[in-house]
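Structure at a glance
Spelled out, the chains give:
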Amino acid sequence: MSEKYDHKVIEKKWQDVWSASGVYSAGENSVKPKKYVLDMFPYPSGDGLHVGHPKGYIATDIYSRMKRMQGFNVLHPMGWDAFGLPAEQYAIKNKVHPRVAVEKNTKRYKEQLSMIGFDYDWSREINTTDPTFYKWTQWIFLKMFKKGLAYESYEPINWCPTCQTGLANEDLEDGKCERCDTPIEKKPMRQWVLRITDYADRMLADIDKLDWPVSIKEAQKNWIGRSEGAEIDFAIEGSEKKITVFTTRLDTLFGATYCVLAPEHKLIDELKESIANWGEVEKYRTETKARTEIERTAEGRDKTGVKIEGVSVINPANNENLPLFVADYVLGHYGTGAVMAVPAHDERDFEFAKKFELSIKRVVAHDIKKIRGVGAILETNTGTFIFQKRDANAPSRPGMISSFGGRPEDGEDELTCLKRELFEELLLKIKDDDAQYIGAFGYKDDGTRNILFHVGGVDTSTLTLMEGESIVEMKVEDALNHEKVTDFVKEALIELTDVKKQSVYLDDGRLINSGQFDGTPNEDAKKKITDFVKGRWVTKYRLKDWVFSRQRYWGEPIPLIHCEKCGVVPVPEEDLPVVLPEVESYEPTGTGESPLAGIPDWVNVPCPNCGDVGKRETNTMPQWAGSSWYYLRFIDPHNTNMLVDKEKEKYWSPVDMYVGGAEHSTRHLIYARFYHKFLYDIGVVNYDEPFNRLQNVGLIIAEDGRKMSKRWGNVVNPDDIVSMYGADTMRLYEMFMGPFGQSVAWSTKSIVGPRRFLERVWRLKEKVSKTEDGLRAEVALHKTIKKVGEDIEEFNFNTAISSLMILLNELEKIETVSKNDFEVLLVLLAPFAPHITEELWRDLGNKNSIHLEPWPIADPAKCVEGEVTVAVQVNGKLRDTIIVSRDTEEDVVKEMALARPGVQKWMEGMVFSKIIVVPNKLINIVIKE
RNA sequence: GCCGGGAUGGCGGAAUUGGUAGACGCACACGACUCAAAAUCGUGCGGGGCAACCCAUGAGAGUUCGAUUCUCUCUCUCGGCACCA
């Protein structure tokens, strides 16, 4: 063993030894408990890895190593996701076959990963482009097809003109192609679509049982976007036809003043005969079609639309006749593509109604019974306030339980007086922000003015006024017309009740102007009115079915055959895989067909059903097909009879720890959960969720704060770092940079910290006693064992490393370090820095690999110091510290603390109040003047 | 706009159930070793003050003997969704 820490020699040496001895292969038929630790497998690009890529792999490596040492049978595999556009585009650009490109890139990736010293079981390596793998990707598709989950659709889909392929909703980012940033066009074409929406409710419900980061769970909930509402029918005047609308606000049905159809709505064509201004309507629809999704949904865009003349609809609630419009603010693909418009309670409808001068009818109002309210009456003749506190639960006169009096002090105006009195009498503090809720109304009575103040809201349907000694109730509308009510009060009333204000009211409240439903809380009214108009209570999802076909070459062929006689016929399972054929040009055709369509030999096959000439489906699957189930194949990668052996699946599934980037939250992780639930339904897997625990890896961004990219020339290559500082240092550094899930900027100058640490560990061996084996740093050691174990479990690698550094600092203070202590340090460090620890471990005379050593267990009794430092506070401020032996009696500690000069100084002239003691931690002396 | 995170020295970041704020590392300064430099080792390192002390965890209130931690209000920031009825 060399005296200098030479990472190049050491790392190569042990990597060779490990791969030759198979220390990391996952055992079959093991009686040990299992741990399936998985990385989101990479897509090998032509650029190779940058230092950010391995971050997650380092984490699973550390985790899986600790689990192995803790006695688990660990499965930690690695493979390649290689179908799809990136590889194909790379191939086109570099004029090689995609397969050749994938082979080359994969080889490079594997070399780079190997240098970092990962514990992958390479005997389980998979590649999604391998026919023995994609045979099963096709097999799953066939199963879905047979269950009716895959269907052919001719609906307009998202088309990327640059990539020349249709895309799924998940492939868009703000209406642009996620890959190339091109605005998406709507294009009607034949597509294969998967009914992922059938699983929306289950995917949503099961999110709660997953141990995943909150942010990902929230993102998935948003993506699925469940909303409950009602579908109701609006009859068309003088026609058998009707318009079905979807709304979550059926409580506002009486306030509907018009209806709107999306430009794509089929009914428009059906109504052509009755539409008086067909030309205008048709023109508007054409214009809409020409707009991209971005243009159409751009924020702040003025509402546009056209009134459909000659057609009107009937509000089922009150039989009112309502005009009908076509407008593109209603989307064809959500709900029913038609809405009832309630401008008083919906911002979009309000905007549209204002522009087209349509009537606005308010049907929900503030509910004072729900809000805290205080009324106050000012009698101007006597200058006295009478306060009345409203309380929804008061028995006799609802809302009035007590009265108080008060009068304005010198120079106070009415509002100031009210505020002060409210505070004094009711301890109700009115902030200035609440002023908008403070209004005043009253009326003239024999030349005097009575004012009634309300704080917190006003019952809009009924108003309480003082009429001499008696209380009179009247409607707001009546009060506005009341001769005795002053203009000042009328203004206040309007302000308070929004009655004439032109604004949208979105809060909850009680119904008004709604016939028999007046006074009903609007939440209750939703169901009541649904029943009343015989609506259907339904659930809608934002999630759309998965557009599953791509008009590109480099993907799994969809295993279907079109036959004139039999229709669409699945390729028999025994004929799988349908191998992707060689083709002269794999560049996209742009015609809506993939390049496969140009190979007659491949396309024309006999129909498996009738034997007539059939044509193969020429679309291919999207990049996400293979990655939606690959984790199952690692369990049984070489099985030629089935996707995965049932027994093996039962043993290894589900994945215990899954690590990858947050960018997959609404694509890969949605797709995989969908696939897994389907496979559960057909009995392939035994549990209905694929990934029990998920950890997000935070990005490593470049030193300049930008994303690492060739384009910016700021890429740091891991090969260089490994060569210069060693794999162990890089591993340590990436884990030490900051919290694992958080993105951090790379800093090459900071790498020296971890490197110095390893060099100090290396040098510590000189101080290790070869003979005696005492336990000199017992407490420090056991604290570290506890901390490192817990931190790795929770993915707090930065603090785990910090605690190892602290232990080293402790050991360095000791003249001769015991062999035992040093070995524990090495074992704890081994998952982080596998090479240097193996070298030092063997140097101590150990015959077996350190990576097969049992993980140490912390003894709780040895984790505590015999002596503790107790903080001494006076009135919560630190004034001194005292060192006492652990669990010293409280009285003794108190006495010691009070005797300290630093404490006495503060007690002079003070009255002693009490002492708070936190055992072994702190003592706080509370004193008063 | 809605939902969910977050804000602590020059920098990355630590802080059990509320209990000595700034662990660990980087950078920096000084010292030792050296002809010198690098490496290494040692000391210091939130701000103010000679000091005693005072002020400091985005801002402001509150609860408490005691708040980075709990409650309320606000600001900024990151992420998801968004003309989704």
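Since this is a predicted model, take the numbers as computed values, not measurements. (Residues numbered from 1 in each chain as written. Chains lettered and ligands numbered in written order. Predicted model: local features only at pLDDT ≥ 70, side-chain atom pairs only at ≥ 80, totals over all residues. Heavy atoms only, no water.)

Next up on the list: the protein's contact with RNA strand B. Taken together, 57 residues surround RNA strand B, and among them Arg-348, Arg-542, Met-737, Gln-742 and Asn-924 come closest. In RNA strand B, atoms within 4 Å of the protein come 60% from sugar and phosphate. Between Thr-247 and RNA strand B, the recorded distance is 3.0 Å, taken from a side-chain N or O atom to a sugar or linking oxygen. Here Lys-303 contributes a side-chain N or O atom positioned 2.4 Å from a base oxygen of RNA strand B. Considering every element that reaches the surface near RNA strand B, the biggest residue donor is helix 25 (residues 797–813), with 6 residues. (Near = heavy atom within 4 Å. Polar contact = N/O pair within 3.5 Å; in protein donor to acceptor, adjacent residues only side chain to side chain. Helix = DSSP H or I, 4+ residues; strand = E, 2+ residues; numbered from the N terminus.)

This part takes up the environment of Lys-749. Mapped onto the elements, Lys-749 comes out in the loop between strand 36 (744–745) and helix 23 (752–764). You can call Lys-749 exposed: its relative accessible area is 69%. When the C-alpha positions of Lys-749 and Val-193 are compared, they lie 51 Å apart, and in sequence the two are 556 residues distant. (Buried < 20%, exposed > 50% of the residue type's maximum accessible area, 1.4 Å probe, protein only.)

Turning our attention to the nonpolar core. Judged by nonpolar contacts, the single largest core of 168 residues is most densely connected at Phe-141, Trp-546, Tyr-630, Tyr-675, Trp-746, Phe-822 and Phe-832. Here this core takes 9 residues from helix 5 (residues 131–146), the largest share from any one element. Trp-546 has contacts with Ala-168, Trp-192, Val-193, Leu-194, Ile-196, Pro-622, Trp-624, Ser-628, Tyr-671, Phe-674 and Tyr-675, leaving out every residue within four places of it along the chain. Grouped together as the second largest cluster of nonpolar side chains are 49 residues, Val-260, Val-313, Leu-324 and Ile-529 included. (Core = buried A, V, L, I, M, F, W, Y, C linked by side-chain atoms within 4.5 Å. Contact = heavy atoms within 4.5 Å.)

Moving on, we get to the UniProt feature "binding site: ATP" (unreviewed entry) in chain A. In the numbering used here, UniProt assigns the "binding site: ATP" (unreviewed entry) feature to Lys-710. Contact partners of Lys-710, with chain neighbours within four places excluded, come to Asp-47 and Val-715. (UniProt positions renumbered as here; feature names shortened; annotations may be inferred.)

Moving on: the pairing of strand 30 (residues 567–570). As judged from the 4 bridges shared by strand 29 (residues 560–563) and strand 30, these two strands associate in the antiparallel manner. Residue pairing for strand 30: Leu-560 is matched across the bridge by Pro-570. Connecting strand 29 to the antiparallel partner strand 30 that follows it, the hairpin turn spans 3 residues. (Pairing = 2+ DSSP bridges.)

Further remarks concern the confidence of the model for chain A. Across chain A, the average pLDDT comes to 84, with 84% of residues at or above 70. Predicted confidence for residues 425–471 stays below pLDDT 50, and this span has 143 contacts to residues more than four positions away or in other chains. In the model output, the complex is listed with pTM 0.86 alongside ipTM 0.95. (pLDDT = per-residue confidence, 0-100.)

To continue, consider the pattern of salt bridges. As enumerated under the stated definition, the model contains 58 salt bridges in all. Asp-233 is the partner of Arg-536 in a salt bridge, and the nearest nitrogen-oxygen pair spans 3.2 Å. Placement of the pair is Arg-536 in strand 27 (residues 536–541) and Asp-233 in strand 12 (residues 226–236), with a sequence separation of 303 residues. What makes Arg-536 partly exposed here is its relative accessible area of 34%. Put simply, Asp-704 and Arg-706 hold a salt bridge, and the shortest N to O gap is 3.4 Å. The exposure class of Asp-704 is partly exposed, given its relative accessible area of 42%. Owing to a relative accessible area of 36%, Arg-706 belongs among the partly exposed residues under this scheme. (Salt bridge = Lys/Arg side-chain N within 4 Å of Asp/Glu carboxyl O.)

A few words on the sheet that holds strand 31 (residues 604–606). The sheet built from 4 strands is open, its strands ordered 30-29-32-31 with antiparallel pairing. Edge positions in the open sheet fall to strand 30 and strand 31, since each of these has one partner strand only. Each strand axis lies, on average, 40° off the axis of its neighbour in the sheet, ignoring direction. Here helix 5 sits on the sheet and contacts strand 29 and strand 30; the angle it forms with strand 30, its principal contact strand, is near 135°. (Axes fitted to C-alpha atoms, helices over the stretch in contact; angles between N-to-C directions.)

Turning our attention to the environment of Asp-531. Locating Asp-531 in the fold gives a position in helix 15 (residues 522–532). With a relative accessible area of 58%, Asp-531 lands in the exposed category.

Attention now goes to helix 5. Across its 16 residues, helix 5 extends 22 Å between first and last C-alpha, which sits within 8% of the 22 Å expected from 1.5 Å per residue. By the burial criterion, the buried members of helix 5 are Phe-133, Tyr-134, Trp-136, Thr-137, Gln-138, Trp-139, Ile-140, Phe-141, Leu-142, Met-144 and Phe-145. At the C-terminal side of helix 5, Gly-148 shows a positive phi close to 80°. (Expected span 1.5 Å × (residues − 1).)

Another point: the state of the cysteines. Taken as a whole and judged by the stated rule, the model has 0 disulfides. The structure places no disulfide on Cys-610, whose sulfur is separated from the nearest cysteine sulfur, that of Cys-563, by 3.6 Å. We classify Cys-610 as partly exposed; its relative accessible area is 29%. (Disulfide = S-S within 2.5 Å.)

Attention now moves to unusual backbone geometry. Note the cis peptide between Leu-576 and Pro-577, where omega equals 0°. Counting through the fold element by element, Pro-577 comes out in the loop between strand 30 and helix 16 (600–603). Look at the link from Ser-653 to Pro-654: it is a cis peptide, with omega at -10°. As for its placement among the helices and strands, Pro-654 is situated in the loop between helix 19 (646–652) and strand 33 (657–661). Positive phi is not limited to glycine here, since Asp-174 has a value of about 55°. Here Asp-174 lies in the loop between strand 8 (172–173) and strand 9 (176–177).

The next point concerns the pairing of strand 38 (residues 877–885). As judged from the 8 bridges shared by strand 37 (residues 867–874) and strand 38, these two strands associate in the antiparallel manner. In the strand pairing of strand 38, Val-870 is matched with Ile-882.

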